[in-house]
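Each chain, written out:
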Amino acid sequence: AQTVTQSQPEMSVQEAETVTLSCTYDTSESNYYLFWYKQPPSRQMILVIRQEAYKQQNATENRFSVNFQKAAKSFSLKISDSQLGDTAMYFCAFMKHGGDMRFGAGTRLTVKP
Amino acid sequence: NAGVTQTPKFRILKIGQSMTLQCAQDMNHNYMYWYRQDPGMGLKLIYYSVGAGITDKGEVPNGYNVSRSTTEDFPLRLELAAPSQTSVYFCASSYLRTGGYEKLFFGSGTQLSVL
């Protein structure tokens, strides 16, 4: 079974600075997808960024980028120019081709003014 | 556009009672999921479905049942409610297209308390 590990339960960053959230996963699959989701206090789940495992290029979405290390099974999220609205729980997720999507335990990020 | 609709939003059950959480999506998605989220924790996959008539267990299926008779609906059944099933339940759907996988669309969640 696939497992997703987020080793940082909580993190904080000053507004406008950069922060990196860690995620590792364990799988024997070769075809899979990786995601970062954000969950603000509203409880809504918001997709931040996604990466297909067959793509070597790291995904970027505006201030959000990933460092995908396939051999190391690592998928970290970098948030640049942090904003107060980035305060939320962040979940790393893994999906094998075929539908079984698993989430990590989450990292609570606080952006301080 | 409705997206993923979950009902009810809140429910209190007594130990041993049964109930069905409803989930419907209007996006013609083939994949549907049920997750539970305990306080301060991540989402745990209960069951998922890759199409009508096809369901499979996730990480924590015990105490739950599902069915997928149509593409649109994916109800989750609790047969004998236990306090350990107190949680927030999320339904989600997605579409696996040629060449890639689309994001999950989540419902707004059901807060369930078993007392």
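Structural data are supplied above this passage.
Remember, predicted model here, so these are calculated numbers, not experimental data.

1. Observations concerning the overall build of chain A
Then comes step 1: Counting its regular elements, chain A contains zero helices and twelve strands.
Then comes step 2: Its helices and strands in sequence order give chain A the pattern β-β-β-β-β-β-β-β-β-β-β-β, from N to C terminus.
Then comes step 3: Relative to a compact globule of 113 residues, whose C-alpha radius of gyration would be 13 Å, chain A shows 14 Å and is just as compact.
Then comes step 4: Counting only C-alpha atoms, chain A reaches 40 × 25 × 20 Å along its principal axes.
Then comes step 5: Taking all 113 residues of chain A together, 50% fall into the buried category.
Then comes step 6: As displayed, chain A offers around 5400 Å² of accessible surface, 44% of which is attributable to carbon and sulfur atoms.

2. A few points about the pairing of strand β4 (residues 31-37) of chain B
Residues and elements named next belong to chain B.
Then comes step 1: Across the seven residues of β4, seven count as buried, placing the element largely inside the fold.
Then comes step 2: Covered by surrounding structure in β4 are Tyr31, Tyr33, Tyr35 and Gln37 together with Met32, Trp34 and Arg36, the residues of both alternating faces.
Then comes step 3: The pairing of β4 with strand β5 (residues 43-51) spans six bridges and is antiparallel. Its bridge partner lying in β5, Arg36 is registered against Lys44.
Then comes step 4: Linkage of β4 to β5, two consecutive antiparallel strands, is achieved through a turn of five residues, within which Gly40 is found at a positive phi near 70°.

3. Brief notes about the nonpolar core
Then comes step 1: Within the largest apolar cluster, 25 residues are counted, with the highest numbers of intra-cluster contacts made by A:Trp36, A:Phe75, A:Leu77 and A:Tyr90.
Then comes step 2: Broken down by secondary-structure element, the contributors of at least two residues to this core are β3 (19-21), β5 (32-39), β6 (46-52), β8 (64-69), β9 (74-79), β10 (88-96) and β12 (107-112) of chain A.
Then comes step 3: Judged by nonpolar contacts, the second largest core, of 22 residues, contains A:Tyr37, A:Met95, B:Tyr33 and B:Val88.

4. Observations concerning the interface of chain A and chain B
Then comes step 1: Contact residues are listed per partner, giving 20 residues for chain A and 27 residues for chain B.
Then comes step 2: Taken together, both faces of the contact between chain A and chain B bury some 1900 Å²; the carbon and sulfur share is 56%.
Then comes step 3: Put simply, A:Arg102 and B:Glu59 hold a salt bridge, and the shortest N to O gap is 3.8 Å.
Then comes step 4: Listed by contribution, the elements that provide at least two residues to the side of chain A that touches chain B are β5, β6, β10 and β11 (101-103) of chain A.
Then comes step 5: The biggest single contributor to the side of chain A that touches chain B is β5(A), with four residues.

Parameters at a glance
Residues numbered from 1 in each chain as written. Chains lettered and ligands numbered in written order. Predicted model: local features only at pLDDT ≥ 70, side-chain atom pairs only at ≥ 80, totals over all residues. Heavy atoms only, no water. Helix = DSSP H or I, 4+ residues; strand = E, 2+ residues; numbered from the N terminus. Rg over C-alpha atoms; globule rule 2.2 N^0.38 Å. Buried < 20%, exposed > 50% of the residue type's maximum accessible area, 1.4 Å probe, protein only. Areas by Shrake-Rupley, 256 points an atom, 1.4 Å probe, with all protein chains shown as cover. Pairing = 2+ DSSP bridges. Core = buried A, V, L, I, M, F, W, Y, C linked by side-chain atoms within 4.5 Å. Contact = heavy atoms within 4.5 Å. Buried area = accessible area lost by both parts, 1.4 Å probe. Salt bridge = Lys/Arg side-chain N within 4 Å of Asp/Glu carboxyl O.

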